[in-house]
Every structure is written in C-alpha cells, then in structure tokens.
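# Working through the structure, step by step
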Amino acid sequence: MVRMLNRRTFLKNSAASLPLAAAIQTLTPATISAETIAHAAISGRAPKLIPLPARLAPVDPSTLPWQQNIRRVAQSNMTEHDPAVMNIEEWADYWHSAGADIVFISVTGILAFYPSKVQFHRHGKFLNGRDFFGECVAAARKRGMRVVARMSPDLNWGDALEAHPEWAMRDADGSVLFNDQEPRLFHTCMFTSYMDDYVPAIMREINLLYDVDCFYTNGWPPIGSLPNCHCAVCSKLPPSNTTAYWNAFNDRVLELWHKYDAIAKEKKPESFFFANLGGNVRCGPNLDRLGKTAAWFQADNQGRTSDDPAIWGCSLQGRVCSAMMEGKFAANVTAAYSTGSVRWRNASKNPDEARMWLNETVASGMALYYHFIGSEAGFGEDRRWQKVGSDYFQWAKKHDAHLKPRRSHANIAVVMGQRTQLLYPGPATAHAHDYMRETTHGIYATLLNGRFAFDFVHEDRLEIERISKYRALLLPNIAMLSDGQCQQIRDYVRSGGSIMASFETSLYDENQQRRAEFGLADLLGINKSGDVIGTNGNAYYGRIERSHPILEGFSNTNWLPGAQNRVPLKPVQDPVLTVVPGFVQYPPELAYPPASHTDEPALVLREVASSRLAYFPGDIERTFWLTGHGDLLRLMHNTIRWITHDEAVVHVDGDGFIELFAWETTPGYAVHLLNYTNPNAHHGWLDTVYRLGPQTVGMTLPRGVKVKAVDLLRSEDTIPFRLEGSVLRFTVPRVDDYEIAAVTVG
Ligand SMILES: [Zn+2]
C-alpha cells in the first residue's frame, strides 16, 4: 500500500537519510503534487545570497605568461607565389607600424616556405632554395614583433600518399578523400602516424633552425563538425556523430595537443602549441578539456557565413572563449577579405563590416587579430584593407588598459550545451542539422533585444563556485545533461539561483540515451505525458489562465503563440498558460481549434524561497528565431526579468538594437555598446553606420568602490557621472558603430 504523504511528512522523510531521487521514486505521481516535489528538490539548505563579487586583486602584468600581454595579432597568410613577389620589408613595416605584437609566418606542411629536409614536405615552386620563412622571422624580430610558426597538417600530395597510403582519410567505400578544389591534395587523417611522425618532424626542424615563440596548426582540429573517416584506424572507432566517437576524438586531440606542446617546449619552456578552433558553441573538441589545456584560443570565425548570417557571430565566439579560457589568451580572426558563401579571399570586404568584427572582438574580451590572404594581392592588387586595420590597431593601442577585461560583470548565464550542439539531432518532428544553431541564435537575439548582460557557461563547468555569481541560468533546450550535471543545477537552485529552461532540456543523458522522464523533472515540477508533438498547420497556442508578472504587456487576447514543437506534460496546479493544440491552418474553413481548452501546461512556474523556476515545454527560443514573433520575445523577456527579480547589474536605456558587455578591468570597469541597428544586421555586410542617440547607463558596483572618471574611448571624451549608493549612472551621448565607457576607480 502506498503511503499518502503530505508535503511536511515528505520533506521530513527526504531530509532524513533517503537520497532525493530515491525518495521521489517511492511516491506515485498521483499522491504528490509537482509543486511539492519541486519544493523537496531544492530544500535542505538555507538559500544563500549571490553577492556581486568584490574587485579582483591587482596583478603585475610582467608576471603573466607572455602571450597574455599580446593585444594585436597580424597575419598576411602566405601563398606559394609570395616568395617570388612579396616585399618582406614592406610587409614587416606595415604590421609593425600598425602596432602588431605578433605575426603569423608560414612554415606550413602542405608547402615548405624554407628549405625543409623533412620527407614529403614539398618546397613551394617559387622558393628556389631560398629561406623565405627565415627572412620573414628576421624582419619581424628586427622590429620587436613576436613570431607564430604556422603549420597546416590537413592536406598533402600524391607522393606522400603513394609512400603512406595509411595517412589518408577514406570514404566508406575505401577511396581516398581528396580536396575538392585542388584534387592533387588528399585529406590526412588525424588518427594516423601522419600526425605522430610527419608534423613533429617539421616542428623539430623549425626549433632547430629558427627562434620562434610558439607553434600553430591551421586546418586541424576540425571546427563545427566531427570527422567522418573510414581508414584502417577509424574503422575500429565508434561511428562518427556518437558520444563514444566524440570521446575518442577528444582523447586524440588532447593527446596530439600535449605531444606538440611538449615538442614546442623542447627549445624553450615559454613556447607552446595551439591549434585552430572556433565554431563558437559548436566547436569540435570538448571546450572544457581544451580550455584547461590551451594557452591560446585561436577562434577562426573570420566573418559572417550563410550558416551564421547574424552580425553577432564574433561576439558569440568571444562569450564562448571567456567561458572556456577564464582569463587566458583568446583571439578571434577578422578577415579583411570577403567571407561568406561567395568568396573573394583576395579582395577587401566592406570596411564597416570589418570594423564591426574588430569591435566585437574587443567588446567580447578577445585580442584583435587582422588577416589578409597573400601579400601579392595584399600589398599589390588590393591595398584598401590596410588602413582599416592599422587605424583600428593604433586606436586600440592607446586604450589597452581599459580594453583588456579581467572578469565579466553579468549576472545571467546561458548554459551552452556543447554535447547537445554537436550530437543531438533535434526532435523527431524536426530533425535538422541547424536545429541547435537556430536555438542558439534564438536565445542570443532574445537577450540582445532585451539588453541583458549575460555570459555563457559550459555544461561541464557547473560547479557552484563557478556559477554562484549568476542570479539565473538559462537552459535553451539543453537536451543532454548527465545525472551529475542535473544535480549541480539542483545545488545551484538550492543556493538561491533561478532557472529558465525549455523543451527537451535534461531529457537525454550525456551519452544521448533518452530518459523515461526529464532529469530535472523534480526540480522543475514537470512530468512528460508523451513524445514530442510537432506542427502540421497552425502551431499550438498558450491559453492565458490567470494573471502573472510574466504576462505583463499582454492585453486584449486570451491566447499567445506557443512554439513549433513541444513536449506534452501532465497537468500541474494553477497553470499560467495551458496548451491549445495546433490545428489546420489551411483551408481557413477548418482553421479553428477542435479542442480550445486543455489542462496541459504551456508553461510551468515555480517559486521556492528566493529561487524562481520557469519551464517552457515548447522550443520557444528557436521558434522565436524562425518567426521573429514579438509575443515570444516579450514572454521570454518577462520571464527572465521575473526569475532574476529584475536585478540587472547593468541597465542601458535608449533607442536601437545593441549588444552590450560589462567588464571589470584593471583600471576599473568598461561598458561596451555595439550598435547593430542596421538593415544588414541579419544578412550580408554592414555598409554604413546608423548612429544612435543617448544611452543611459546604470551599473551596480561592489560596495565601497569610488569612481574617479568615466571616459568614452571611441569619441575620446570625458563625461559626467554620479554614484547613487552603489549604482553608477551616466549617459553616453551617442553611439556610432561602437562606444566604450571606461570607468576608472580609485
Ligand atoms: Zn581515419
């Protein structure tokens, strides 16, 4: 016989010795309300406040690893023809006068830019025995610039293939994978001895012959997707796009990374290895593991693509980098040349677009990195990119102290869910390669539209010490979460944190295994009642059942748009919104709801102590990205404000579509405002700037902090401010493309 429990006896029992999950399993759902379970899930310890952290202790920059003082990175990406036509002095003069701290110089691996003796390291056909690499290194050194030795291990030629057929990536039928633009080059497989033997041989040759500061590989590891190779080694691995493969892939990436790093250090201990990364939340290698290893995060998001057409692509990457590197060095490459699905890699792009990418780099906390392909073109056919880059670098150099962040001031965090991004295919009703990409852009656009200051946190970094500064965690369909991660989220809520979650969040474990019930069912007070329901015609609606702060601003309607897909839930007590199931949208004769009232929740809200929990059963973030419906936007904004008790630590009021960042810096604080108000914000490139008027800033500072000055770094002006208690207030009179209010304290 099942014991009937009321809340008090349940809590008493669960607080005794029974683990919570086991305690809940002893109950049948009919005997206990979802709200009671939610209370039980987060009770047990007194909630503790999450204060604004005190200022960090000062650090002497001379005690930091050298790369952490790099602010400007330069690259003229060298072509085979450059040794014949490039003026090395002109190249070095340009980057030096621009203020570059470090330059990339090509060693490569596809074509040697020096008289390499490593077998299969083919000399470029215009090299003619010359030590082009060595001359470039000398020219950079003469001007005080550091040097990155750039390699490319991803491709090689037929003679190497003939001698080492095992080096090639292969298709399922066993055929070699060749480069689709230059079919004489084959793709090398990262699991083969090519990476263990050939790449180290080149690194050791460079260390023997030259003085370089660090080593870098282009073209490896892959960005944004996982390899799919059927060579002899890979055939023994689990199938690509499974968590088992991803684990093997990560082990191999880390193995090679450590191996190359050790080789780099053979000559001098301050040298290191780093590789091409990027792909923001869809990065190939595990960001948590790599973030702990990497000394330099090279983000290769050079410009907008057809997959990621929104203007904030670089800032999105910067948020990922600051989550992963926690103060270590990160740079994002700005292509001065044309990026996108139709490319002209040897022609300058719109200057306003290039500048905005540089703006986003700085605003999101990364070092500047400017890149053009080929010196033949870059110092010959098209020189327009040069002034854009050098003007920007020189401006930034004046303000390095204020532009280098130490810590984010945001109090909202979005869980990035890298496993879900890479491995979850979307619900059966909407399988799509871009499913999670659209989800990411949906929550990103929502937060930008609402002018929220926010950070990303990785699913593998949910320790309470890392996330206790946040008032709320947002979980936009983070489908894959381990039992341990679910427990960390419970601990966070128990400490006073709040949650907004959606759709299939926690419905899968970290190995892509579907759970019978949400991993966070107890916390969120939800139980699923069936499989995902998609849309055929009209999507579902949410019927307003009662008033609530998250419905502020909605009037004259009984229902609101729902989302494209939803997980059906069992009824809860006093729902705010209930589901009106989707129905026919054509023909209009049949466009009415057969069932206009149900008890299926379209939103579940919980409030326990200071924690507030909101769960949307629909894929609301992605549906907003697909539709742009303002009701979904308002609903999410109201929800974020409600769960955070509207405790924004940074308010920026004014017209326009902006992205904002607020950082603690060495001199004080910096509020960055990026002006995206532009017809080309979501497609194509910016070709002009639409200036914004006054933006009024309110920023909460830790108690006792005294402000000396507020300076605008783009308009290079000093503005008045006032401190009301611990809230700093000032007005930025106008924002062209970008403005930074630099706060000096003391
Ligand atoms: Zn392979």
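In short, a report on the structure.

What counts, and where the lines are drawn
- Residues numbered from 1 in each chain as written.
- Predicted model: local features only at pLDDT ≥ 70, side-chain atom pairs only at ≥ 80, totals over all residues.
- Heavy atoms only, no water.
- Helix = DSSP H or I, 4+ residues; strand = E, 2+ residues; numbered from the N terminus.
- Buried < 20%, exposed > 50% of the residue type's maximum accessible area, 1.4 Å probe, protein only.
- Polar contact = N/O pair within 3.5 Å; in protein donor to acceptor, adjacent residues only side chain to side chain.
- Axes fitted to C-alpha atoms, helices over the stretch in contact; angles between N-to-C directions.
- Left-handed = near helix turned anticlockwise from the far one by under 90°.
- Contact = heavy atoms within 4.5 Å.
- Donors = N, O, S within 2.8 Å, 3.2 Å for Na, K, Ca; no water.
- Tetrahedral: all angles 85-135°; square planar, octahedral: opposite > 155°, others 65-115°.
- Disulfide = S-S within 2.5 Å.

Mapping arginine 461 onto the fold places it in the loop between β14 (455-457) and α18 (464-467). Given a relative accessible area of 3%, arginine 461 falls into the buried group. A polar contact of 3.1 Å, which involves the side chain of arginine 461, links it to the backbone oxygen of alanine 323.

It is worth spelling out the packing of helix α5 (residues 88-98) against helix α6 (residues 132-142) at this point. Between α5 and α6, whose axes approach to 9 Å, the crossing angle comes to 40°. Considering the relative orientation of α5 and α6, their crossing is right-handed. Where α5 approaches α6, its residues Ile88, Glu89, Trp91 and Ala92 are matched on the opposing element by Phe132, Glu135, Cys136, Ala139 and Lys142.

What follows deals with the coordination of the zinc ion. Each donor-metal-donor angle in an ideal tetrahedron of four donors is 109.5 degrees, and each such angle in an ideal octahedron of six donors is either 90 or 180 degrees. Taken together, Cys189 (SG), Cys229 (SG), Cys231 (SG) and Cys234 (SG) make up the protein donors of the zinc ion, found 2.2 to 2.3 Å from the metal. Around the zinc ion sit 4 donor atoms; with metal-centred angles ranging over 103 to 117°, the donor geometry is tetrahedral. All donors of the zinc ion come from a single chain, and their spacing in sequence reads C-x39-C-x1-C-x2-C. The burial state of cysteine 231 is the same as that of cysteine 234; both residues are buried.

A few words now on the state of the cysteines. Evaluation of the coordinates by the stated rule reveals 0 disulfides. Not part of a disulfide, cysteine 283 finds its nearest cysteine sulfur in cysteine 321, a span of 8.6 Å.

Here we come to unusual backbone geometry. Cis peptide bonds are those with omega within 30 degrees of zero, and the linkage from tryptophan 220 to proline 221 qualifies with -5°. Here the bond from tyrosine 586 into proline 587 is cis, since omega is 0°, no more than 30 degrees from zero. Structurally, proline 587 can be placed in the loop between β19 (577-580) and β20 (601-608). A positive phi angle, close to 65°, is found at asparagine 241, a residue other than glycine. Of note, the phi angle at phenylalanine 503 is positive, near 55°, even though the residue is not glycine. Mapped onto the secondary structure, phenylalanine 503 falls in the loop between β16 (498-502) and α20 (521-524).

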